[in-house]
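Fold and contact review
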Amino acid sequence: AVILLLPLLVLAFSFVRPTTLPPPSLPPNFDGVAASSLAHDLAQHFPDRSPGGTGSVRAAQWFRDEMRQYNLTVSEDTWHQEVPGLGRQRLQNLWAVAPGESRRAIVVMAHRDDTGAGPGLNDDASGTAALVELARGYARGSAGVASGVRSAHTIVFLSTDGGAYGGLGAARF
């Protein structure tokens, strides 16, 4: 048994740990200050984004308007569903697509709604703002974007409704 363990022990300590990967050669595109500003704007103007409410409809338009600045077309899926504590409501998922080298897609998602209990800065204005800021980095040929990053995969920027109520929009998508 000792004869078998000795070679295994020598082998285990002979591996060299890999070095850390170098930073990517892509230009830094995510602007944290801009994302924070977007989050505050969304939360301040639409503090109650409960599914089916006026604030929800206006927040959806806010998302469309933000994406339009980057020449990203927004698609939508609208449906009616029972929302816990709110009854049957109209919900809407929105998404924009940044084409990549491949049709294989990566979905980046944040929910746009909140419970209406507060301004919803962290539920989920911050996530929605980060989604918009990420989309800006992948937009091509738009104002405020010098040169969008071309991803190996197509990227879908998905803004869901009903996230604060059990991820209803994510389940729908």
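Structure shown above.
Attention here is on the structure that accompanies the text. Quantities reported herein were computed from a predicted structural model and do not represent experimental measurements.

Our focus in this paragraph is the pattern of salt bridges. On inspection of all chains with the given rule, the structure shows 6 salt bridges. The closest approach of N and O atoms between Arg112 and Asp161, which form a salt bridge, is 3.9 Å. Of the two residues, Arg112 is situated in the loop between β3 (102–111) and α4 (121–138) and Asp161 in the loop between β4 (153–160) and α5 (168–172); the sequence distance between them amounts to 49 residues. Residue Arg112 shares its accessibility class with Asp161, and that shared class is buried.

Within the largest apolar cluster, 24 residues are counted, with the highest numbers of intra-cluster contacts made by Leu42, Trp62, Phe63, Met67, Leu72, Val132 and Phe157. At the level of secondary structure, the elements contributing two or more residues to this core comprise α2 (32–45), α3 (54–68), β2 (87–98), α4 and β4.

With that settled, consider the pairing of strand β1 (residues 74–83). The sheet contact formed by β1 and β2 spans 10 bridges and is antiparallel. Bridge pairing in β2 links Val74 to Ala96. Between β1 and β2, which pair antiparallel and follow one another directly, the connecting turn spans 3 residues, one of which, Gly85, has a positive phi of 80°.

Let us look at α4. Counted at 1.5 Å a residue, the expected span for α4 with its 18 residues is 26 Å, and the 24 Å between its end C-alpha atoms agrees. Next to the buried residues of α4 lie α2, α3, β3 and β4.

What follows covers the sheet that holds β1. Judged by pairing direction, the sheet is mixed, and its 4 strands sit side by side in the order β1-β2-β4-β3 without closing on themselves. Of all strands in the sheet, those bounded by a partner on one side alone are β1 and β3. Recorded for the sheet is a direction-independent mean angle of 25° between the axes of neighbouring strands. Both β3 and β4 contribute to a ladder of 8 bridges, which runs parallel. Considered in β4, the bridge of Ala110 is made with Ser159. Against the sheet, α3 makes contact with β1, β2 and β4, and its axis sits at roughly 5° relative to β2, the strand it touches most. Against the sheet, α4 engages β2, β3 and β4, with an angle of about 150° to β3.

With that out of the way, let us pick up the packing of aromatic side chains. One pass over the full model with this rule turns up 2 aromatic pairs. Relative to Phe173, the ring of Trp95 has its centre 5.7 Å away and its plane inclined at 65°; by these criteria the two rings are edge-to-face. Highlighted residues: Trp95 in strand β2 and Phe173 in the segment after α5, separated in sequence by 78 residues. With 6.2 Å between their ring centres and 45° between their planes, Tyr138 and Phe157 make a pair best called tilted. On the criterion of sequence distance, the pair formed by Tyr138 in helix α4 and Phe157 in strand β4 is long-range, its members being 19 residues apart. Classification of Tyr138 as partly exposed rests on a relative accessible area of 24%.

Calculation rules
Each chain carries its own residue numbering, running from 1 in the written order of its sequence. In keeping with the predicted nature of the model, local features appear solely for residues at pLDDT of at least 70, side-chain atom pairs appear and are counted solely at 80 or more, and the whole-chain, interface and lining totals rest on all residues. Hydrogens and water are ignored here; the side-chain numbers use all heavy atoms of the structure. Think of a salt bridge as a Lys or Arg side-chain nitrogen and an Asp or Glu carboxyl oxygen that are within 4 Å of each other. Only runs of H or I of at least four residues qualify as helices and only runs of E of at least two qualify as strands under DSSP, and these elements are numbered from the N terminus. The buried label applies to any residue whose accessible area, calculated with a 1.4 Å probe on protein chains only, is under 20% of its type's maximum; exposed applies above 50%, and partly exposed to all values in between. In this text, buried Ala, Val, Leu, Ile, Met, Phe, Trp, Tyr and Cys residues form a nonpolar core when linked through side-chain atoms within 4.5 Å. For two strands to be treated as a pair, DSSP must find no fewer than two bridges joining them. One less than the number of residues in a helix, times 1.5 Å, gives the span that helix is expected to have. Two residues form a contact once any of their heavy atoms are found within 4.5 Å. Only the stretch in contact is used when a helix axis is fitted, and all axes are lines through C-alpha atoms; the angle between N-to-C directions ranges over 0 to 180 degrees. We call Phe, Tyr and Trp rings a pair once their centres come within 6.5 Å, taking the six-membered ring for Trp, and we label the pair stacked below 30 degrees between planes, edge-to-face above 60, and tilted otherwise.

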